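Coordinate analysis (summary)
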Amino acid sequence: AKARLEIGVEIEGMDPDQQVARLEKLIVRLGGFPDRDLIHQITECGRLGLRTGGQALAERMCAAIMDVLDDGENGATAAERRVPLFYALDSVVKNVGDVFQPLLSVRVRAAFGRAFAACAEKDKTRLHHVLRTWNEKSAAAARTPPSSFSRSDPTAGGGPI
C-alpha cells in the first residue's frame, strides 16, 4: 500500500516534463511482464497527469506509451513489451477515464495489429480480452459487436481501436 501512495506524492510536485519522464521509466521497468504494481503506477501517472496537466499532459503521456508500442525496430518491444503495455493502456482507460481512449485511438489500431501478429498464442488470448474490454466501453461497440472480430485479425471488425 505504501508504494501505491508514494507515486501520488512523488508526481504531485513534478512539472509536466518530469511526469512524462516518470511514466517512461515505469514503462521501461514494466518490460515483458504485466506486473500489477507497475500497471497500477502507470495508471496513477495517467490519473495525476490528467488532474495536474489536463488534456495537454494526457496527450503527451499517450504519445509516450504509443511511441514504445510503435517501436518496430526494437525486437523486445515487438514481441515482449507490447502485451504488458496494452494491459497498462487498458487500466488507464478503465480507471482514469474515457479522455484517454480517443487520444489513443489515433495510433493504437496499427500497434495492436502488429502486436497481435508478433505475439505467442497465449498473448493473442490476452490481447483479445483487452480488445473485448475496450469494445464494451466504447459507444462504437454497439455498432460492431466483439463477435465480429476474426481470431486471425482482431482489428478487422472495425471496432473502436
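Further up the page is the structure itself.
What comes next concerns the included structure. Being a predicted model, the structure only gives us computed values, none of them experimental. (Residues numbered from 1 in each chain as written. Predicted model: local features only at pLDDT ≥ 70, side-chain atom pairs only at ≥ 80, totals over all residues. Heavy atoms only, no water.)

**As for the packing of aromatic side chains**
All chains considered together, the criterion is met by one aromatic pair. For K124, the ring lying beneath its charged end belongs to F116, and the centroid distance is 5.0 Å. (Phe/Tyr/Trp six-rings, centres within 6.5 Å; stacked < 30°, edge-to-face > 60°. Lys NZ or Arg CZ within 6 Å of the ring centre and 35° of its normal.)

**Things to note about the environment of A58**
Mapped onto the elements, A58 comes out in helix α3 (residues 36-70). For the pair A58 and L48, spaced 10 residues apart in sequence, the C-alpha separation works out to 9.3 Å. Ignoring sequence-local partners within four residues, the contact set of A58 consists of L50, F100 and L103. (Helix = DSSP H or I, 4+ residues; strand = E, 2+ residues; numbered from the N terminus. Contact = heavy atoms within 4.5 Å.)

**Considering helix α2 (residues 16-30)**
For α2, which comprises 15 residues, the first-to-last C-alpha distance of 21 Å matches the rise-based estimate of 21 Å (1.5 Å per residue) to within 8%. For α2, the set of buried residues is Q19, V20, R22, L23, L26, I27 and L30. Down the axis, α2 shows its buried residues gathered within 155° of arc, on one side only. For α2, the exposed residues lying more than 90 degrees away from the buried face are K25, V28 and R29. Capping the start of α2 is the job of one residue whose side-chain oxygen sits 3.0 Å from the backbone nitrogen of D17: D15. (Expected span 1.5 Å × (residues − 1). Buried < 20%, exposed > 50% of the residue type's maximum accessible area, 1.4 Å probe, protein only. Arc of directions from axis to C-beta. Polar contact = N/O pair within 3.5 Å; in protein donor to acceptor, adjacent residues only side chain to side chain.)

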